[in-house]
Amino acid sequence: MGMRGMLAAAALAVGLIATPALAAKDQAVIGMVLEPPNLDPTTGAAAAIAEVVYANLFEGLTRIDGQGQVQPGLATSWTVSDDGLTYTFTLRHGATFHDGTKFESDAVKFSLDRARAPDSTNPQKAFFEPIKTVDTPAADQVVVTLSHPDGMFLFNLGQAAAVIVSSVSAPTDSTKPVGTGPFKFTEWVPGDHVTLDRTDAYAGPAPKLNKLIFRFVADPAAASAAVMSGDIDAFPNMPAPETLDQFKADPRFVVEIGTTAGKTVMAVNQRRKPFDDVRVRRALAMAIDRKALIDGAMFGYGTPIGSHFAPYEAAYKDLTGAYPYDPAKAKALLAEAGYPDGFKATLKLPPPGYARRGGEIIQAQLAEIGVQVELIPVEWAQWLEQVFKGYDYDMTIVSHTEALDIGIYARGKDKYYFGYDNPAFDQVIQQLNSAVDPEQRKALYQQAQQILSDDEAAVFLFQLAKTGVRNAKLMGMWQNSPIAANDMTGAYWAE
Amino acid sequence: MLAFLARRFVTLLLTLVAASIVVFTVLEVLPGDPALLMLGTEAREDTLAALRSQMGLDRPAPVRYLDWVGGALTGDLGTSYTYKLPVAQLIGDRLAVTAPLALLALALSTLLALPLGMLAAIKHNRVGDWGVMGFSQLGLAVPNFWVGIMLIWLFALQLGWFGAGGFPGWGAGWGGALRALVLPATALALTEAAILARVVRSAMLETMREDYVRTARAKGLSKGAVLRRHVLRNALIPVATIIGLQFGFLMAGAVVVENVFTLPGLGRLAFQAIAQRDLIVVKDVVVLLAAIVVVVNFLVDVVYAVIDPRPKQAG
């Protein structure tokens, strides 16, 4: 190769091995497992979209905080008429979109009308269904009139699908999002990362960080390595719970176990025998040891639930004791229902670990009472088509991650995959839809939970935990995940 | 020679057409609605229908096939359902990672395999040969993603010489980008080197047994001169074929290593597109990979025809 060649090679090698520059302490690198398919939460349902842009880049009229409470957002205050039909919002002054367009009431009217238009592709069109008209009496005032009262209206306005967009930039928001948040979009290297930079034009309290980099790492081993080596500062949803002990033992990192709105249930198809018999459903519930399930499938992270409600919600009613683990009793109940020798059933499992690992444990537990389960792993696309739309399944395990979505059990036998139909329950949900008084809503929610537990409308398993790892010096991130989001507006580096 | 190459070129075109038809048909029967995947479980039927119409999914299959092929020939590979970006741009960005990675892995594997294979052939049936064959067995048996994870553990976590994955992009400077490719290329190269070393060894052994080599030695040429002037050049012909095949495989097969090192490469793009039912991207990537393999093999044939002056049989 010759002397010169060797020297050149050596120089190249040294250049390649030189130590990397230390990350500036005004930026944070956040790791995510799934990459968002695009960056506009008003046209795409993927949770990963909100996890990048919610509160950081886009804002709504209201904002959901880390405790799941409704806070002012682009609307600094509001009044609701006594009949619950008219909402008058006062908007924040001096706010602008990242492209310089002023934020005024016309932007709100545009966003809401766009979301509820007949040809809209908003994934949560139901949020906007109660809206009758949107009026803009002043540049800083919006009046929304509903066709019927909606107790969830303010909460829904704070969700990712309801963020305010500008009429100028809406068509290109998927790839070049333009919002009113404290961070603006800088670049998206598909497959690798999204960078957001702080904007000086923000009209609210300035965040302490100057730059956010969201990096996408799907492989659990690679995610663990990236956090360990300092390439990633925080991983709010660590995909490898088995590596958490390593991080707990290391003083450089903090492991934060929090709650999410994810209610993991084993849904049973009530259009088919024997699942239409409540005794069979109760027997299935009694045959499952939830603690063992959480320990085995989720490495001990998770909280048992007895109905379709997250334990951290104020209106939660603890019904986990309704069907305690008792295989003998379960077998007796099955016999009473006419299945003394048990029966065969299939269990369709989508990709996530809670389903695949949980399914194996449930298969073993149900075998104890004579129920022979065949596990069928499916991809999300197949699950959506076969189970969710085609209702072609016996049992399946899935986690519902929408907040306060107990109303899905009132959708009716022909419109939702459970096949559950109880007019008494439907009535409670109807009342909930129009109730606005918090005490009344709490009582109705508890009634709804009780009915679902009495009927065991699905076999309720556990609430998904949020298992996050972060650099010990990075503070101000959400510990819980009441909605899918990584609100970095309050994050900062402690010294 | 020209007739041979012309025949090969026609075969190339027919292969590409056949590949495109097969890919298109297979994806037609694949279950899964892209609109449902994009809009989620809360989306209403009218929203889904609107999106399907927007994406052109409600047109008949032959129309969509011709539309796709026609567009591809003019450079328009369509727009990705999930990313809403032109597929040509997505593929271009990913090729900028996968192509250098494949080339680097190929270079490393050749640098490793050529001397090792030669050593094994020269020291045939002695310790050197067994050592190289042992390494080759190991290299073939050990999965390249495991090697990748071990490399990360050693060089990134313990020694801190490299990052633990990711790709900063060519815009951030050549040094950083190349650094991100060293470990993954090494992981890929080790398996390829194991295969290539064997091929080099057997090609050389076969050539060394040829009459003209014995004649050259009998004429008085030293072992070294014989190796350089006769054996190596002739042995390299089958080796070149294998290297060409390996390049095609590296372009398509690096997906697992790309996952371990979180590289935004072509394999990962295809993998994600399949999960998201982004059919346009899947079709384009698969046919592109088929094209790369076919074109590289054609080029190897050209090189073969040029350096080997013996007349070709039909086919």
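Since the model is a prediction, treat every value here as computed from it, not as a measurement.

Looking now at the overall build of chain A. On a plain count of helices and strands, chain A comes out with 14 helices and 19 strands. A globule of 495 residues ought to have a C-alpha radius of gyration of about 23 Å, and chain A, at 25 Å, matches this closely. Counting only C-alpha atoms and orienting by the principal axes, one finds that chain A spans roughly 80 × 75 × 40 Å. A total of 495 residues make up chain A; the buried ones form 48% of that total. Expressed as a percentage of contacts within chain A between residues at least 6 apart in sequence, the contacts between residues at least 24 apart total 70%.

Further remarks concern the overall build of chain B. Broken down by element type, chain B carries 13 helices and zero strands. Secondary structure elements of chain B, listed N to C terminal, follow the sequence α-α-α-α-α-α-α-α-α-α-α-α-α. Overall, chain B is about 85 × 55 × 35 Å in size when its C-alpha atoms are taken along their principal axes. Classification of the 315 residues of chain B by burial places 37% in the buried group. Within chain B, counting contacts between residues at least 6 apart in sequence, those at least 24 apart form 70% of the total.

The next point concerns unusual backbone geometry. Residue and element names in this part refer to chain A. With an omega dihedral of -5°, the bond running from Lys-273 to Pro-274 counts as a cis peptide bond. Residue position: Pro-274 is located in the loop between strand E12 (253-268) and helix H8 (278-287). The phi dihedral of Phe-299 falls on the positive side, at around 55°, and the residue is not glycine. Relative to the helices and strands, Phe-299 resides in the loop between helix H9 (290-298) and strand E13 (303-304). The class of Phe-299 is partly exposed, set by 18 C-beta atoms lying within 10 Å.

Where interface size is given, it is often the accessible area lost as the parts come together that is meant. Residue and element names in this part refer to chain B. Assigned domains within chain B: domain 1 (13-73) and domain 2 (88-314). One C-alpha centre belongs to domain 1, the other to domain 2, and the line joining them spans 35 Å. Facing the 11 residues of domain 1 at the interface are 11 residues of domain 2. For the side of domain 1 that touches domain 2, the secondary structure elements donating two or more residues are helix H1 (2-29) and helix H2 (34-39). Grouping the constituent residues of the side of domain 1 that touches domain 2 by class yields eight nonpolar, three polar and no charged.

Residues and elements named next belong to chain A. In space, the four strands of this open sheet follow the order E4-E5-E7-E6, with antiparallel pairing throughout. Of all the strands in the sheet, just strand E4 (75-80) and strand E6 (131-138) have a single pairing partner and so form its edges. Taken over all neighbouring pairs, the strand axes of this sheet differ in orientation by 20° on average, direction set aside. As paired strands, E4 and strand E5 (residues 86-91) are joined by five bridges and run antiparallel to one another. Directly across from Thr-79, in E5, lies its bridge partner Thr-88. The strands touched by helix H3 (residues 105-116) within the sheet are E5, E6 and strand E7 (141-146), with E6 carrying the most contacts at an inclination of about 165°.

As a further point, take the domain arrangement of chain A. Residue and element names in this part refer to chain A. The domain architecture assigned to chain A consists of domain 1 (3-55 + 174-259 + 467-493), domain 2 (62-172) and domain 3 (261-465). Of note, the centres of domain 1 and domain 2, computed from C-alpha atoms alone, are 29 Å apart. Listed by partner, the interface residues are 25 residues for domain 1 and 27 residues for domain 2. Of the residues that constitute the side of domain 1 that touches domain 2, the class distribution is 12 nonpolar, 10 polar and three charged.

What follows concerns the environment of B:Ile243. Residue and element names in this part refer to chain B. Within the fold, Ile-243 resides in helix H10 (residues 223-253). Separated by 44 residues in the primary sequence, Ile-243 and Val-199 have C-alpha atoms spaced 10.0 Å apart. When neighbours within four sequence positions are excluded, Ile-243 is seen to be in contact with Leu-106 and Thr-110.

Our focus in this paragraph is the packing of helix H12 (residues 266-275) of chain B against helix H13 (residues 279-307) of chain B. All names here are of chain B. Contact geometry for H12 and H13: axes closest at 8 Å, N-to-C directions at 145°. Between H12 and H13 the crossing geometry is left-handed. Where H12 abuts H13, its residues Leu-266, Leu-269, Ala-270, Ala-273 and Ile-274 lie against Val-281, Val-282, Val-285 and Val-286.

Another aspect to go through is the interface of chain A and chain B. Each side of the interface is counted separately: chain A has 40 residues, and chain B has 47 residues. Counting only elements with at least two residues in the side of chain A that touches chain B, the list comes to helix H1 (3-17), helix H4 (125-128), helix H6 (220-228) and helix H12 (380-389) of chain A. At seven residues, the largest contribution of residues to the side of chain A that touches chain B is made by H12(A). In the side of chain A that touches chain B, the residues fall into 20 nonpolar, 11 polar and nine charged.

Below, the discussion takes up the nonpolar core. Core analysis: the largest hydrophobic core is formed by 219 residues, its most contacted members being A:Met266, A:Val459 and B:Val285. With 15 residues, helix H8 (residues 174-208) of chain B is the single largest residue contributor to this core.

Let us look at helix H5 (residues 87-122) of chain B. For H5(B), spanning 36 residues, the distance from its first C-alpha to its last is 50 Å, which sits close to the expected 52 Å at 1.5 Å a residue. The sharpest bend along H5(B) comes to roughly 35°, located at B:Leu95.

A few words now on the environment of B:Val293. Along the chain, the position of B:Val293 falls in helix H13. Residues B:Val293 and B:Ala225 lie 68 residues apart in sequence; the distance between their C-alpha atoms is 36 Å.

Our next topic: the pairing of E6(A). Residues and elements named next belong to chain A. Bridge count for E6 against E7 is five bridges, and the pairing is antiparallel. Considered in E7, the bridge of Thr-133 is made with Thr-145. Counting the residues in the hairpin turn of E6 and E7 gives two residues.

Of all residues in chain B, 98% have pLDDT values of 70 or greater, and the mean over the chain is 84. The ipTM value of the predicted complex is 0.72, and its pTM value is 0.82.

Residues and elements named next belong to chain A. Most of strand E10 (residues 211-216) is tucked away, with five of its six residues classed as buried. As paired strands, strand E9 (residues 193-198) and E10 are joined by five bridges and run antiparallel to one another. When the sheet's bridge partners are listed, Val-194 is paired in E10 with Phe-214.

A few words on the packing of H5(B) against H13(B). Each pair of packed helices gets described by two things: the angle between the helix axes and the distance between those axes. Residue and element names in this part refer to chain B. The N-to-C vectors of H5 and H13 enclose an angle of 50°; their axes lie 10 Å apart at closest approach. Classified by the angle between their axes, H5 and H13 sit oblique to one another. Here H5 runs over H13; the crossing is right-handed. For the pair H5 and H13, the contacting residues are Val-87, Leu-90 and Ile-91 in the first and Ile-280, Val-281, Asp-284, Val-285 and Leu-288 in the second. Residue classes in the contact of H5 with H13 are distributed as seven nonpolar, no polar and one charged.

Taking 1.5 Å of rise per residue, 15 residues should cover 21 Å, and helix H7 (residues 144-158) of chain B covers 20 Å from first to last C-alpha, within 8% of that figure. Among the residues of H7(B), B:Asn144, B:Val147, B:Gly148, B:Ile152 and B:Ala156 are the ones counted as buried. Contacts from the buried residues of H7(B) go to H6 of chain A together with H8 and helix H11 (255-260) of chain B.

Turning our attention to the environment of A:Ala484. Residues and elements named next belong to chain A. Its location among the elements puts Ala-484 in the loop between strand E18 (474-475) and strand E19 (492-493). Residue Ala-484 is classed as buried on the basis of its C-beta count, with 22 C-beta atoms lying within 10 Å. Along the primary structure Ala-484 and Val-52 are separated by 432 residues, whereas in three dimensions their C-alpha atoms are 9.5 Å apart. Not counting the four nearest positions on each side in its chain, Ala-484 is found in contact with Ala-47, Ala-50, Glu-51 and Thr-401.

About the thresholds
Residues numbered from 1 in each chain as written. Chains lettered and ligands numbered in written order. Predicted model: local features only at pLDDT ≥ 70, side-chain atom pairs only at ≥ 80, totals over all residues. Helix = DSSP H or I, 4+ residues; strand = E, 2+ residues; numbered from the N terminus. Rg over C-alpha atoms; globule rule 2.2 N^0.38 Å. Buried ≥ 20, exposed ≤ 12 C-beta atoms within 10 Å, placed from the backbone. Contact = placed C-beta atoms within 7 Å. Domains from an automatic or database assignment. Nonpolar A, V, L, I, M, F, W, Y, C, P; charged D, E, K, R; others polar. Pairing = 2+ DSSP bridges. Axes fitted to C-alpha atoms, helices over the stretch in contact; angles between N-to-C directions. Left-handed = near helix turned anticlockwise from the far one by under 90°. Core = buried A, V, L, I, M, F, W, Y, C linked by C-beta atoms within 7 Å. Expected span 1.5 Å × (residues − 1). Bend = angle between axes of the 7 residues up to and from the residue. pLDDT = per-residue confidence, 0-100. Parallel < 35°, antiparallel > 145°, perpendicular 65-115°, else oblique.

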